[in-house]
Amino acid sequence: MNTVADRLRPLTGHRLFWPALVLVVMIAANTVYRPGFLAVEVKNGHLYGTPVDILRLSAPLILVALGMTLVIATGGIDLSVGSLCAISGAIACLHISGAADQNSPATVATALALAFGAALVLGAWNGVLVAVIGIQPIIATLILMVAGRGIAQLVTEGQIITINSGPYRAIGLGSFLTLPLAILIALAAALLVAAFTRRTALGLIVESVGGNAEASRLAGIRSRRVVFLVYVVSAACAALAGFMVTANVSSADGNAAGLWIELDAILAVVIGGTSLAGGRFSLSGTVLGALIIQTLTTTVYAMNISPQTSLLFKAVVVIAVCLVQAPAFRARFRRRRRGVEPGPAAPQREKEQVPA
Amino acid sequence: MTGDRPVLTMTGISKTFPGVRALHDVDFRLFPGEVHALMGENGAGKSTLIKVLTGVYGTDAGTVTLDGEQVSFTGPMQAAAAGVSTVYQEVNLCTNLSVAENIFIGREPRRLGAVRWGEMRRRARDLLARLDLDLDVSAQLGTFSLAVQQMVAIARAIDVRARVLILDEPTSSLDAGEVAQLFRIMRQLRDEGIAILFVTHFLDQVYGIADRITVLRNGALVGEYRTGELPQFSLVEKMIGQELDVLERLDEQQKRATVALDGQAPLVDAEEVGRRGAVAPFSLRIHAGEVVGLAGLLGSGRTEVARLIFGADRADHGQVRTDGARSPLRTPIHAIDQGIGFCSENRRAEGIVPELSVRENMILAMQAARGWLRPIPRRRQDELVQKYVEALSIRPANPELPVRNLSGGNQQKVLLARWLITEPRLLILDEPTRGIDVGAKAEIQKLVVQLSDGGMAVLFISAELEEVLRLSHRVAVMRDREMVAQLTNDDTLDADRVMRTIASGTPREEVTR
Ligand SMILES: Nc1ncnc2c1ncn2[C@@H]1O[C@H](COP(=O)(O)OP(=O)(O)OP(=O)(O)O)[C@@H](O)[C@H]1O
Ligand SMILES: [Mg+2]
């Protein structure tokens, strides 16, 4: 048995092993519960089926979580992304609803540009608060998290703006080469962010700032610029997600759009193996994490679990995922099996940190 | 002096990290009332042995007995409760808490559950007084220098009524005075019957205090010896496993010929630079190819001078100019752009990025200077890293390991490489040989000489006066946060004269150039 475990070590040691395993287990459980779960069919050139829905619905979360990954890697956090979703969706819908021809691509393009620009400005605001003024990220972004809902309400004048725009709806519901357009956009964004960070030195610099800010400063890294930049990127991702969320329902609701998405995004990042303490980040892990959360949400709906218990159910799964990923927990578990007494202090080991 | 039954024995200890065999079948014993030096090169496994003993790491094989009973600690707290008190190599205190809190954290004096702050501060003051240290114990620890932090860690360890005291390189950033004070206390504790395990790379300290020596090499036990029966050269041979002539050269103590600077413009010109509360305004000119040493006692302001020149702290008086810069230097980025590098003494807080690999840590400064849009091609990175891993003999020689997995001395070498890679015109080295073993230290000193011969200027700070005198062309002396003299390092200058200047030197004595 030991030899099998040893041979699997390179696999189980891989950063993405645990999140991937959880996803597979969840899909397997769903398939057992509902044999038709994995069924996919083609109707008028579109793919239909639960897996396709999961992919489509996870797109906004993937987007938000990508930006969140970079923010968290610098040791920060961005609580304002949900409000940013609402604001960008509201601005886009407002512009479209006021246009003569809601289906004109030019109208939609202007709407997107306006909303995107607004989101960048708000992201820059976050960036200035954190990087220039030096406010703690959780407080700095809390400001916009709260105030942002108000801004969204102002934009929509407290109403739900309904639109009827084909091109805009396509962002959420359209498909391209039989695949949902939303997931393609999200994956393109993921590739773009990956190229942006890994093909340049940005990723290294972000990880270095998150790993040891003072050492990075003394090595000549312009930490402030980097921190500023990640909040802007996060806002840009949130804006895209806001378009999708509002396009899905062809309406902008300043209260409901993107509600609590920041929490799901933070979860996705953590499940994907990026530490909240900052430092090393994994974009592919984040994408997996977002898929896990969306699968979980869909599962809960499909199983007809009542909304109250569904949150609890979600919490239990998330705790489990985080536990299996924690080295301290796994070490303890392994030692038990070998029959060596684990001391009572074993789980605290990580905290005690006595390096080199 | 030594008791006849060991208080602590470790038998057959093995510990393997992924890809690295840190300890292999090591035996170790410690008698009551002895100071026992644990010796070995960087990465030999000294710190690992200590961490296995105190339960920071589990073992793969082997047993530990304390007073004849088998024990297996699960962490430093439990070990301390059983009477094994440890100061780890990297000072591991909370810089945002006060000095007193750091000393008593986890065992605060209490009455009815409430912490007795007054009592705690009083006891902290008494304790530090034993170490000859007079500090404001309610000040944040982070406001003090690394050396003071190290002393606070020691104070914490000796206050625990322990039977075994473990000190992993406690003296690495201390000056002669503090070392003497520490040794006085160690002798006192030893005479009370406490067993002390002591790790250091300073051979004279070993011969000054240790009763017995255990040598490790590459994770294996070489042997256990009485200090009196092991001459210094054979100790070194046992540590490195071969005879090495670098060390003989190290003893030669040749003076450096003074560089001819006739009329040459200074590379860096610090004019009346100062910062309130850190260091009084000083002027210092450094020329290409010149090594300027900074001498002074703990807290005399050496590090502060370095930080002001580099722009790590902002000067509130005067300015630093380089020949190339249009405006005075103000931030590290400015300084780096002008070809200045600064290797901090505090490698854990200001040096390494622990999670990043050795390679990433090494190229960090160069990459920062290029900006994020121009990544260094991977092939070039590998070449550079390969070159310095070899030049500084960094072990294990695997550039993809996270730097936190390296031993303390090897981390130090990685930092040095980070700055060497940038090929600076002025390299500021604050305690660059801190925690580095004898062989590597000689190599680094040789490197400094070579680089300065090649035209690089160096500002060299070290608590070891001989090292400063061996390498410098000029020595600037600091006292009480003031630069009191700049001495040309000619035949008349020796450690004695520098010490006298430190102690009493008339301000601005013999200001050269
Ligand atoms: N947590 C770790 N993970 C992986 N390897 C480690 C870890 N800690 C130590 N090592 C490796 O174990 C070996 C022994 O390291 P150790 O820190 O014990 O050396 P040392 O003798 O204390 O050296 P130094 O004089 O530099 O402090 C080194 O090769 C080091 O790279
Ligand atoms: Mg060590």
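Being a predicted model, the structure only gives us computed values, none of them experimental.

## Describing helix H3 (residues 50-73) of chain A
Residues and elements named next belong to chain A.
Then, in step 1: The end-to-end C-alpha separation of H3 is 33 Å, in line with the 34 Å expected for 24 residues at 1.5 Å each.
Then, in step 2: At Ala 59, H3 is bent by approximately 40 degrees, the largest bend along its length, and proline Pro 60 sits one to four residues beyond.
Then, in step 3: With 20 of its 24 residues buried, H3 lies for the most part within the structure.
Then, in step 4: After H3 finishes, the residue Gly 75 shows a positive phi value of roughly 90 degrees.

## Topic: unusual backbone geometry
Residues and elements named next belong to chain B.
Then, in step 1: Residue Arg 395 is joined to Pro 396 through a cis peptide bond whose omega torsion reads -5 degrees.
Then, in step 2: Relative to the assigned elements, Pro 396 resides in the loop between helix H14 (378-391) and helix H15 (408-421).
Then, in step 3: The backbone of Asp 67 shows a phi angle near 55 degrees, a positive value even though the residue is not glycine.
Then, in step 4: Its place among the elements puts Asp 67 in the loop between strand S4 (61-66) and strand S5 (69-71).
Then, in step 5: On the basis of relative accessibility, which here comes to 38%, the residue Asp 67 falls in the partly exposed class.
Then, in step 6: Despite not being glycine, Glu 431 shows a phi value in the positive range, around 50 degrees.
Then, in step 7: For Glu 431, the location among the structural elements is in the loop between strand S18 (426-430) and helix H16 (438-453).
Then, in step 8: On the accessibility criterion, Glu 431 (5% relative accessible area) is buried.

## Digging into the pairing of strand S9 (residues 164-168) of chain B
Residues and elements named next belong to chain B.
Then, in step 1: In terms of burial, S9 is a largely internal element, five of the five residues being buried.
Then, in step 2: Neither face of S9 is left uncovered, since the one carrying Val 164, Ile 166 and Asp 168 and the one carrying Leu 165 and Leu 167 both have all their residues buried.
Then, in step 3: Sheet topology note: the S9/strand S10 (residues 195-199) ladder contains five bridges and is parallel. Of the residues in S10, the one forming a bridge with Leu 167 is Phe 198.

## Observations concerning the domain arrangement of chain B
Residues and elements named next belong to chain B.
Then, in step 1: Structurally, chain B comprises domain 1 (8-249), domain 2 (250-339 + 425-505) and domain 3 (349-423).
Then, in step 2: Placing a centre on the C-alpha atoms of domain 1 and another on those of domain 3 gives a separation of 29 Å.
Then, in step 3: Of the residues lining the interface, six residues belong to domain 1; the matching set on domain 3 comes to eight residues.
Then, in step 4: In total, domain 1 and domain 3 occlude about 500 Å² of area from one another, counting both sides; carbon and sulfur atoms represent 44% of this.
Then, in step 5: Counting across the domain 1 and domain 3 interface gives one salt bridge.
Then, in step 6: In this structure, Glu 41 engages Arg 395 in a salt bridge whose closest nitrogen and oxygen atoms are separated by 3.9 Å.
Then, in step 7: At the junction of domain 1 with domain 3, the criterion picks out one residue pair in polar contact (both at pLDDT 80 or more).

## A word on the coordination of the magnesium ion (ligand 2)
All names here are of chain B.
Then, in step 1: Only Ser 47 (OG) and Gln 89 (OE1) from the protein reach the magnesium ion (ligand 2) as donors, at distances of 1.9 to 2.1 Å. Of this pair, Ser 47 sits in helix H1 (residues 46-53) while Gln 89 sits in the loop between strand S6 (84-87) and helix H3 (99-104), placing them 42 residues apart in sequence. Across the pair, Gln 89 and Ser 47 agree in class, each one buried.

## Here's the deal with the interface of chain B and chain A
In many reports, interface size means the accessible area that the parts give up when they come together.
Then, in step 1: The interface is formed by 45 residues belonging to chain B together with 31 residues belonging to chain A.
Then, in step 2: The junction of chain B with chain A conceals about 3,100 Å² of combined surface from both sides, 61% of it contributed by carbon and sulfur atoms.
Then, in step 3: Where chain B meets chain A, there are two salt bridges.
Then, in step 4: Residue Glu214(A) is joined to Arg307(B) by a salt bridge in which the shortest nitrogen-to-oxygen separation is 3.9 Å.
Then, in step 5: Our count for the chain B to chain A interface comes out at seven residue pairs in polar contact (both at pLDDT 80 or more).
Then, in step 6: Breaking the side of chain B that touches chain A down by element, the ones donating at least two residues are helix H2 (76-81), helix H10 (302-310), helix H11 (332-337), helix H12 (347-351), helix H13 (358-370) and H15 of chain B.
Then, in step 7: With six residues, H13(B) is the largest single contributor of residues to the side of chain B that touches chain A.
Then, in step 8: Of the residues in the side of chain B that touches chain A, the class split is 24 nonpolar, 12 polar and nine charged.

## A word on H14(B)
Residues and elements named next belong to chain B.
Then, in step 1: Across its 14 residues, H14 extends 20 Å between first and last C-alpha, which sits within 8% of the 20 Å expected from 1.5 Å per residue.
Then, in step 2: By the burial criterion, the buried members of H14 are Gln 381, Leu 384, Val 385, Tyr 388 and Val 389. With its buried residues spanning 130 degrees around the axis, H14 presents them on a single face. Exposed side of H14, more than 90 degrees from the buried face: Arg 379 and Glu 390 are the residues found there.
Then, in step 3: Of the surrounding secondary structure, the elements contacted by the buried residues of H14 are H13 and H15.
Then, in step 4: Taken from the residues just after H14, Ser 393 is the one with a positive phi, measuring 40 degrees.

## Considerations on a nonpolar patch on the surface
Residue and element names in this part refer to chain A.
Then, in step 1: Together, Ile 138, Ile 139, Leu 142 and Val 146 make up an exposed nonpolar region whose accessible area comes to about 350 Å².
Then, in step 2: With respect to the helices, strands and loops of the structure, Ile 138 is situated in helix H6 (residues 137-156).
Then, in step 3: According to the relative accessible area criterion, Ile 138 is partly exposed, its value standing at 43%.

## Here's the deal with the packing of helix H4 (residues 81-98) of chain A against H6(A)
All names here are of chain A.
Then, in step 1: Here H4 crosses H6 at 15 degrees, and the two axes come no closer than 8 Å. With respect to their mutual orientation, H4 and H6 come out roughly parallel. In the packing of H4 onto H6, the handedness of the crossing is left-handed. Contacts between H4 and H6 pair Gly 82, Ser 83, Leu 84, Ala 86, Ile 87, Ala 90, Ile 91 and Leu 94 from the former with Leu 144, Met 145, Gly 148, Arg 149, Ile 151, Ala 152, Val 155 and Thr 156 from the latter.
Then, in step 2: Considering only residue class, the contact of H4 with H6 consists of 11 nonpolar, four polar and one charged.

## Quick look at the sheet that holds strand S14 (residues 279-286) of chain B
Residues and elements named next belong to chain B.
Then, in step 1: The strand order across the open sheet formed by three strands is S14-S13-S16, and the pairing between neighbours is antiparallel. A strand with exactly one partner marks an edge of an open sheet, and here the two such strands are S14 and strand S16 (317-322). Strand-to-strand twist in this sheet, taken as the mean axis angle between neighbours without regard to direction, amounts to 15 degrees.
Then, in step 2: With five bridges connecting them, strand S13 (residues 268-275) and S14 associate as antiparallel partners. By the bridge assignment, Asp 269 is partnered in S14 with Arg 285.
Then, in step 3: Each of S13, S14 and S16 is contacted by H10, which is oriented at about 65 degrees to S14, the strand it contacts most.

## Points about the sheet that holds strand S20 (residues 474-479) of chain B
Residues and elements named next belong to chain B.
Then, in step 1: Strand order in the open sheet formed by six strands is S17-S18-S19-S15-S20-S21, and the pairing between neighbours is mixed. The open sheet has two free edges, formed respectively by strand S17 (340-343) and strand S21 (482-488), since each of these has just one partner strand. Averaged over all adjacent pairs, the angle separating strand axes in this sheet is 15 degrees, with direction ignored.
Then, in step 2: Set on the sheet, helix H18 (residues 495-504) makes contact with strand S15 (291-296), S20 and S21; between it and S20 the angle comes to about 30 degrees.

## Comments concerning the site of ligand 1
Residue and element names in this part refer to chain B.
Then, in step 1: Neighbouring ligand 1 are 21 residues; Lys 46, Ser 47, Thr 48, Ser 407 and Gly 409 lie closest to it.
Then, in step 2: Here an oxygen atom of ligand 1 and a backbone polar atom of Gly 43 are 2.8 Å apart.
Then, in step 3: At 2.7 Å from an oxygen atom of ligand 1 is found a side-chain nitrogen or oxygen belonging to Ser 47.
Then, in step 4: Taken together, the elements giving at least two residues each to the shell around ligand 1 come down to strand S2 (20-30), H1 and H15.
Then, in step 5: Element by element, the count of residues in the shell around ligand 1 is highest for H1, at three residues.
Then, in step 6: Partitioning the shell around ligand 1 into residue classes produces seven nonpolar, 11 polar and three charged.
Then, in step 7: Shared between two domains, the shell around ligand 1 holds at least three residues of each, these being domain 1 (8-249) and domain 3 (349-423).

Parameters at a glance
Residue numbers restart at each chain and count upward from 1, following the sequence in its written direction. Chain A is the first chain written and ligand 1 is the first ligand written, with later ones labelled in order. Local features in this predicted model are restricted to residues of pLDDT 70 or higher, and side-chain atom pairs are both shown and tallied only at a pLDDT of 80 or more, whereas totals for entire chains, interfaces and linings draw on every residue. Calculation of side-chain values draws on the structure's entire complement of heavy atoms; hydrogens and water are dropped beforehand. Numbering of helices and strands runs from the N terminus; a helix is a DSSP stretch of H or I covering at least four residues, while a strand is a stretch of E covering at least two. Residue count minus one, scaled by 1.5 Å, sets the expected span of a helix. Fitting axes to the seven residues that end at a residue and to the seven that start at it, the angle between those axes gives the bend at that residue. Under the scheme applied here, a residue whose accessible area is under 20% of the maximum for its type counts as buried, over 50% as exposed, and between as partly exposed, the area being computed with a 1.4 Å probe on protein chains only. Here a strand pair is declared whenever DSSP counts at least two bridges between the two strands. Source of the domain bounds: an automatic or database domain assignment. Throughout, a contact is declared for two residues whenever any of their heavy atoms are within 4.5 Å. Accessible area, probed at 1.4 Å, shrinks when two parts are joined; the buried area is that loss added up over both. By definition, a salt bridge exists where a carboxyl oxygen of Asp or Glu is found within 4 Å of a side-chain nitrogen of Lys or Arg. By the criterion applied in these results, polar contacts are pairs of N or O atoms within 3.5 Å in which, for protein atoms, one can donate a hydrogen and the other can accept it, and in which residues neighboring in sequence qualify only through two side-chain atoms. Only N, O and S atoms count as donors, using a 2.8 Å cut-off from the metal and 3.2 Å for Na, K and Ca, and because water is excluded some sites may appear unfinished. Residue type decides the class: Asp, Glu, Lys and Arg count as charged, Ala, Val, Leu, Ile, Met, Phe, Trp, Tyr, Cys and Pro as nonpolar, and the leftover types, Gly among them, as polar. Our arc is simply the arc of the directions from the helix axis toward the C-beta atoms. Think of a patch as exposed residues, more than 30% relative accessible area, with no salt bridge, where like charges cluster within 9 Å and nonpolar side chains (Val, Leu, Ile, Met, Phe, Trp, Tyr) cluster within 5 Å. Computed with a 1.4 Å probe, the accessible areas rest on the Shrake-Rupley method; for each residue, only the protein chains presented here act as cover. For helices, the fitted line uses only the C-alpha atoms of the stretch in contact; every axis is such a line through C-alpha atoms, and the angle between N-to-C directions lies from 0 to 180 degrees. Any angle from 65 to 115 degrees is called roughly perpendicular, while one under 35 is roughly parallel, one over 145 is roughly antiparallel, and all others are oblique. By convention the crossing between two helices is left-handed if the near helix lies anticlockwise of the far one by an angle smaller than a right angle, and right-handed if it lies clockwise. We call a residue near a molecule or strand when any one of its heavy atoms sits within 4 Å of it.

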